[in-house]
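Examining the three-dimensional arrangement
These are the residues of each chain, in order.
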Amino acid sequence: MCGIIAYIGDKKASPILVDGLKKLEYRGYDSWGLATVDSGKINFVKSVGRIGQNLEMTNLVGTIGMGHTRWATHGGVTDQNAHPHLDCEGKIAVIHNGIIENFAKLKEQLINEGHKFRSETDTEVLSHLIEKYYEGNLKEAVRRALLCVDGTYGIVVISSKEPDRIVAARHGSPLVVGVGEGENYFASDATALMPYTKKVVFIEENEIVEITKDGFYTITIDDKKVDSKIHEIDWEADLAEKKGFNHFMLKEIFEQPKIMENAFAGRIIPSEGIAHLGGLNLTTEELLKVKRIIFIACGTALHAGLVGKYMIEECASIPCEAECASELRYKRILLDKDTLVFVISQSGETADTIAAMREIQRKGIKVLGISNVVGSTIARETDGGVFVHAGPEIGVASTKAFLAQITVLAILALEFGRVRNLSFMEGKEIASEIKKIPEKIKKILEQNDKIKNLAEKYRDYKNFLYLGRRFNYPLALEGALKMKEISYVHAEGYSAGEMKHGAIAMIDEKFPCVFVAPKDSVYDKTISNMQEIKARSGKIIAVTTEDNYEIEKYVDDVIYIPETLEMLEPLLTVIPIQLLAYHMAEIKGLDVDKPRNLAKSVTVE
Ligand code: AGP
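We now turn to the structure provided with this report.

Each value, and the rule that gives it
- Residues numbered from 1 in each chain as written.
- Predicted model: local features only at pLDDT ≥ 70, side-chain atom pairs only at ≥ 80, totals over all residues.
- Heavy atoms only, no water.
- Pairing = 2+ DSSP bridges.
- Helix = DSSP H or I, 4+ residues; strand = E, 2+ residues; numbered from the N terminus.
- Contact = heavy atoms within 4.5 Å.
- Axes fitted to C-alpha atoms, helices over the stretch in contact; angles between N-to-C directions.
- Disulfide = S-S within 2.5 Å.
- Buried < 20%, exposed > 50% of the residue type's maximum accessible area, 1.4 Å probe, protein only.
- Near = heavy atom within 4 Å.
- Polar contact = N/O pair within 3.5 Å; in protein donor to acceptor, adjacent residues only side chain to side chain.
- Areas by Shrake-Rupley, 256 points an atom, 1.4 Å probe, with all protein chains shown as cover.
- Nonpolar A, V, L, I, M, F, W, Y, C, P; charged D, E, K, R; others polar.
- Core = buried A, V, L, I, M, F, W, Y, C linked by side-chain atoms within 4.5 Å.
- Arc of directions from axis to C-beta.
- Salt bridge = Lys/Arg side-chain N within 4 Å of Asp/Glu carboxyl O.
- Parallel < 35°, antiparallel > 145°, perpendicular 65-115°, else oblique.

Further remarks concern the sheet that holds strand E13 (residues 216-220). The sheet built from seven strands is open, its strands ordered E5-E6-E7-E8-E12-E13-E14 with antiparallel pairing. Each edge of the open sheet carries a strand with a single partner, namely strand E5 (85-86) and strand E14 (225-226). Here E5 runs beside strand E6 (residues 92-97); their pairing, made up of two bridges, is antiparallel. The partner of histidine 85 across the bridge, within E6, is valine 94. Most of the contacts of helix H3 (residues 124-133) go to E6, to which it runs at about 140 degrees, and overall it touches E5, E6 and strand E7 (153-159). Each of E7, strand E8 (166-171), strand E12 (207-211) and E13 touches helix H4 (residues 138-146); the most contacted strand, E7, lies at about 145 degrees to it.

Listed below in structure tokens is the structure:
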């Protein structure tokens, strides 16, 4: 979604703003803009396209300023619709992330009161509302303007009338304060603040914050003072750099052995065959009371939830569902007190997932979070939860966070299973095998060049069908999503067994299939599906267990993975499907880390 950065201090603002926006590019955008205050006036520049394309435009004077990258919601992708948006006098500038639901009514009212609009955006109503309510105090004018607004916002406001402060406010779209020495910042997430400061304040819902060079001051939308807490961010700046890889996505795929170790560190005890996720704040008797589990998420995180469903049903015999957040939030939700709900989210800011979480909490049901960003809305609003410790994930297509999510879900399945019917020996086997997976992932990563050649061989195909059964059915869905979202090639994920009930009609020599088919309990059934595909001249790429050479008579190409327990197969089968999608996009010269139309965190409906 939109990226926001702001600075007030003694340094020239524009280089800091450009650097911050570049660190936020991974969120996805189609236009950008900067504004500074200097010598009693607002200087601003805004343009469609990438901020790197015309850096000379960004050389604005002034030591107070703000920057924005826009992911269009209301109004086309044009220079005029890019942020910032100014009031009639050109003395107040606003940048915004979110959606003003009642902007049309507000716009009509303001036009009737004589305000002149320049853009098609919802955001511009904010600059004119603040102008309307300005009576010498910018923070108060912002507060009164926002009381008129329905919708979501993370906004930052500067004014040539008060050149020594910046005001920001949050309702639904995240914002943080960066606390420096004699300088302060706002940003849509802490990534943009590296390497300037590691001290951040997470702005809570319905809070308004004013920063000067020397400090910050927080109130609520109801004008009550708030004592905000300063947090120290613990990651190192270099984590967010590419470290010699062509793209963040490839770096993050190769980080996965280490990321998985971080995700299970201190959470499994192989000698006892048990697991413990402290952040869930669940006693053994509370674990035993759980009669149903629902995972709620979007996109790749939803696929992780589907893997979690299979793992927990296998280990603990607890009925589980994985629900798409954008569907669940609007349907009649059938829950009871023995239902445990998890929201899964890498960013912790996905609007649909947050809305579903709040809807369920309104019914008095406990919601736990599985997220990756400390201080994110989901991390702060859930009734407990687990961080997956994947570190900053910059590539828009989620890879290492997904692996960390399914690692945590395997640990959760073990924890639930061992307070139920899973035996000591079974628990020991699972816990020991989890610890072996990182080395097995490294073995698969050694096939990177082979998978790149495979992508080259299949580069001209326009469609793919991904197929899998049981634990690998969600991986068929995830493989198809990865292929679609970074190489723009149509791909569909399907249950291998279900394929013959219709989808097979599409198969011919131009429509290859990717089978996620380790040698497991459903392998023989999947071989039958391969034969059905072959009988229609369909080409097949198979991901299967090493030494399973007999498969070669059924398929065209094979990627071998090490053997593991059936329930842990997703931790290995995901690697080849990530690499296949990555290389397909890379050889096509596409923007792998920032695919078109996508955002890293979808903070609007
Ligand atoms: C992942 O590859 C996608 N970019 C997208 O589907 C993502 O998984 C989804 O938007 C959910 O994001 P979250 O995990 O941050 O909530």
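This part takes up the state of the cysteines. Using the criterion set out here, one finds zero disulfides in the structure. With no disulfide partner, cysteine 320 has as its closest neighbouring cysteine sulfur the one in cysteine 315, 10 Å distant. According to the relative accessible area criterion, cysteine 320 is buried, its value standing at 3%.

So, about the site of the ligand. Ser345, Gln346, Ser347, Thr350 and Glu485 are the nearest of the 13 residues found near the ligand. A distance of 2.7 Å separates an oxygen atom of the ligand from a polar atom in the side chain of serine 345. In this structure, an oxygen atom belonging to the ligand sits 2.7 Å away from a side-chain N or O atom of serine 347. Coverage of the ligand by the protein amounts to 91% of the 410 Å² it exposes when considered alone. Of all the secondary structure elements, the ones that give two or more residues to the shell around the ligand are helix H8 (299-316) and helix H15 (473-487). With three residues, the single largest contributor to the shell around the ligand is H8. Here the residues of the shell around the ligand sort into four nonpolar, seven polar and two charged.

To continue, consider the nonpolar core. With 93 residues, the main nonpolar core has Ile293, Phe464 and Tyr466 as its most contacted residues. By residue number, the principal contributor to this core is helix H12 (residues 400-418), which donates 13 residues. Contacts of tyrosine 466, omitting those with residues within four sequence positions, involve Ala476, Gly479, Ala480, Met483, Ala491, Glu492, Gly493, Tyr494, Val514, Ile577 and Leu580. Ranked by size, the runner-up nonpolar core spans 27 residues in total, among them Leu138, Leu146, Ile155 and Ile221.

As a further point, take helix H2 (residues 103-112). Along H2, the positions that sit buried rather than exposed are Phe103, Leu106, Lys107 and Leu110. In a view along the axis of H2, the buried residues occupy a sector of 100 degrees, so they form one face of it. Exposed and oriented more than 90 degrees from the buried face of H2 are Lys105, Glu108 and Asn112. Of the surrounding secondary structure, the elements contacted by the buried residues of H2 are H3. After H2 finishes, the residue glycine 114 shows a positive phi value of roughly 105 degrees.

All right, on to the pattern of salt bridges then. Under the defined criterion, the tally for this structure stands at 39 salt bridges. Across the salt bridge formed by glutamate 313 and lysine 309, the nearest N and O atoms sit 2.9 Å from each other. Placement of the pair is glutamate 313 and lysine 309 together in helix H8, with a separation of four residues, close to one helical turn. With relative accessibility at 29%, the residue glutamate 313 sits in the partly exposed group. Its salt-bridge partner being lysine 331, residue glutamate 323 comes within 3.1 Å of it at the nearest N-O pair.

Between H12 and helix H13 (residues 424-445), whose axes approach to 10 Å, the crossing angle comes to 170 degrees. With respect to each other, H12 and H13 are oriented roughly antiparallel. Residues Leu403, Ala410, Ile411, Leu414 and Arg418 of H12 form the contact with H13, whose own contacting residues are Phe424, Gly427, Ile430, Ala431, Ile434 and Ile441. Tallied by class, the residues present in the contact of H12 with H13 amount to nine nonpolar, one polar and one charged.

With respect to topology, five strands assemble into an open sheet ordered E24-E23-E25-E26-E27, the strand pairing being parallel. Sheet topology places strand E24 (490-495) and strand E27 (557-561) at the edges, where each strand pairs with a single neighbour. Within the sheet, the average angular offset between the axes of one strand and its neighbour, ignoring direction, is 20 degrees. Sheet topology places strand E26 (residues 540-545) next to E27; five bridges connect them, and they run parallel. Within the sheet, the bridge partner assigned to alanine 542 lies in E27 and is valine 558. Taken strand by strand, helix H17 (residues 570-587) contacts strand E23 (463-468), strand E25 (513-516), E26 and E27, and its axis lies near 135 degrees from that of E27.

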